[in-house]
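# An overview of the molecular structure
Residues per chain, in single letters:
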Amino acid sequence: MNISILIRYNSPAGIVTQGGTFPLKRRKPEQVAIEWLQEIKRQVNYEGLVEVIVDGNQDITNLVREMENSPLSE
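Residues numbered from 1 in each chain as written. Predicted model: local features only at pLDDT ≥ 70, side-chain atom pairs only at ≥ 80, totals over all residues. Heavy atoms only, no water.

Attention now moves to the pairing of strand 3 (residues 48-54). Most of strand 3 is tucked away, with five of its seven residues classed as buried. Sheet topology places strand 3 next to strand 4 (residues 58-59); two bridges connect them, and they run antiparallel. When the sheet's bridge partners are listed, valine 54 is paired in strand 4 with glutamine 58. With antiparallel pairing between neighbouring strands as the criterion, strand 3 and strand 4 make up a hairpin whose turn holds three residues, including aspartate 55 at a positive phi of roughly 50 degrees. (Buried < 20%, exposed > 50% of the residue type's maximum accessible area, 1.4 Å probe, protein only. Helix = DSSP H or I, 4+ residues; strand = E, 2+ residues; numbered from the N terminus. Pairing = 2+ DSSP bridges.)

This is the structure we're talking about:
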């Protein structure tokens, strides 16, 4: 099963939106989103999370923020 994820984040240029489709592979949507967010952080000048939307309507921003701030996500 695949899910669509839309991530909005702050960068020096303003708010950036990136979207993609990812396989769940027995993971929760927030796990897939945090993995992708970590990849984004490695590639661009990331300043903070704005919003995470799954499948066009499910807001998981708070779940991803909690995972992002967890010491295990480093």
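We are not done yet, so read on.
Below, the discussion takes up the side chain of glutamate 68. Note that glutamate 68 resides in helix 2 (residues 61-68). At a separation of 3.0 Å, a polar atom in the side chain of glutamate 68 contacts the side chain of lysine 41. (Polar contact = N/O pair within 3.5 Å; in protein donor to acceptor, adjacent residues only side chain to side chain.)

So, on to the pattern of salt bridges. Following the criterion strictly, the structure yields four salt bridges and no others. Across the pair arginine 42 and glutamate 39 runs a salt bridge whose closest N-O atoms are separated by 2.9 Å. With arginine 42 and glutamate 39 both in helix 1 (residues 29-43) and three residues apart, this pair spans about one turn of that helix. On the basis of relative accessible area, arginine 42 is assigned to the exposed category, the value being 60%. Taking the relative accessible area as the measure of exposure, glutamate 39 reaches 31% and is therefore partly exposed. Note that glutamate 68 and lysine 41 form a salt bridge whose closest N and O atoms lie 3.0 Å from each other. With glutamate 68 in helix 2 and lysine 41 in helix 1, this pair connects stretches of sequence that are 27 residues apart. By relative accessible area, which is 12% here, glutamate 68 ends up buried. According to the relative accessible area criterion, lysine 41 is partly exposed, its value standing at 33%. (Salt bridge = Lys/Arg side-chain N within 4 Å of Asp/Glu carboxyl O.)

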